[in-house]
Amino acid sequence: MALTDAQRLELAEAQSARAETRRPTVPALEKMLFEALPVLDHGFVRVIDYMGDDAAVVQAARVSYGRGTRAANEDRGLIRYLMRHWHSTPFEMCEVKFHVKLPIFVARQWIRHRTANVNEYSARYSIMDREFYIPAPEQLAAQSASNRQGRGAVLQGAEAAEVLDLLRRDASQTYDHYAQMLNEGEDGQPADPSRQGLARELARMNLTLNTYTQWYWKTDLHNLLHFLRLRADAHAQYEIRVYAEAMMQVLEAWVPTVAEAFRDYRLGAVTLSAQMLEVTRRILAGEAVEQTGSGLSKREWRELMEMLGRPV
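Residues numbered from 1 in each chain as written. Predicted model: local features only at pLDDT ≥ 70, side-chain atom pairs only at ≥ 80, totals over all residues. Heavy atoms only, no water.

Looking now at the overall build of the protein. Each helix and strand in the protein was counted, giving 12 helices and 7 strands. Its C-alpha atoms give the protein principal-axis dimensions of roughly 85 × 60 × 30 Å. Per-residue burial for the protein yields a buried fraction of 37% across its 312 residues. Considering only contacts in the protein between residues 6 or more positions apart, those separated by 24 or more positions represent 69%. As presented, the protein carries roughly 18,700 Å² of accessible surface, and 50% of it is formed by carbon and sulfur atoms. Of the side chains in the protein, 38 bear a positive and 41 a negative charge, and the two mean positions are spaced by 5 Å. (Helix = DSSP H or I, 4+ residues; strand = E, 2+ residues; numbered from the N terminus. Buried < 20%, exposed > 50% of the residue type's maximum accessible area, 1.4 Å probe, protein only. Contact = heavy atoms within 4.5 Å. Areas by Shrake-Rupley, 256 points an atom, 1.4 Å probe, with all protein chains shown as cover. Lys, Arg positive; Asp, Glu negative; His and termini not counted. Charge placed at Lys NZ, Arg CZ, Asp CG, Glu CD.)

Our focus in this paragraph is the side chain of H113. Here H113 shows up in the loop between α5 (104–110) and β4 (117–120). For H113, a relative accessible area of 9% translates into the label buried. Contact partners of H113, with chain neighbours within four places excluded, come to H226, F227, L230 and R231.

Right, let's talk about the pairing of strand β2 (residues 43–51) for a bit. Burial runs high along β2: 7 of the 9 residues are buried. Where strand β1 (residues 37–39) lies against β2, 3 bridges are found, and the strand directions are antiparallel. By the bridge assignment, P38 is partnered in β2 with F44. Between β1 and the antiparallel strand that follows it, β2, lie 3 residues; L40 among them carries a positive phi value of about 55°. The pairing of β2 with strand β3 (residues 95–103) spans 7 bridges and is classified as antiparallel. Within the sheet, the bridge partner assigned to D49 lies in β3 and is K97. (Pairing = 2+ DSSP bridges.)

Dropping the structure here:
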């Protein structure tokens, strides 16, 4: 992912600015401010601003006046208790604002998380950049035969080459037509003075979903964790998962104790239904339990066996 000269200049100006504050800051995250973490071929994630830290979560849970003098292991224990028992309010006391550059189809999946403040680049006001997401060959996969939302085997040889060629040609052609309809030169003047050009808000409809857009995305820590629990999961679509993985780097720099508890109790954990728990207890007691007498559907049985690492 290469930044444009204008983006590099903007970041350099922002990094050179200094402001004195009496609020708590996190040195590890301060170093990451304005740093663009590359994602996919042209995308990135960067932190614009944040509020709070691990201590702010603890402070909110105890409703104390200051940062407190309790030992670090006590604070860690409290954060892990809050995470373990799904107490969400203390995590809502911290906030973070990201600048994200991402393909439109990823943005449309992402926006389903209706728990953030979002302001997207306006194609009604500005002209979209000529940048498209073209998957790496190892990400070109056939439709899964067992999962309507998933991928199967990776495409090979001539078929993979044809798909990549179609993606490049279609994106380039539609952008060429977009630019033709706009009829605007780099100076903002008509490229062809004999034509008026189509309004930007109409011309944008012709762009492909792999065109890159940008937005500011601000959320609290609780809702960020919910987003990451779903999108940093191994089953999430690759193109949004890599953004979540970049944001995990931010989380670990910002609130390392929360990040540790999150990995232990969310990302690395499983949830059992009451019936699954009962079957697990029967198995631990030495009973030979079969799916037909377990009270679980075939799908639930398969999921439980996968959780327990047992052959189906």
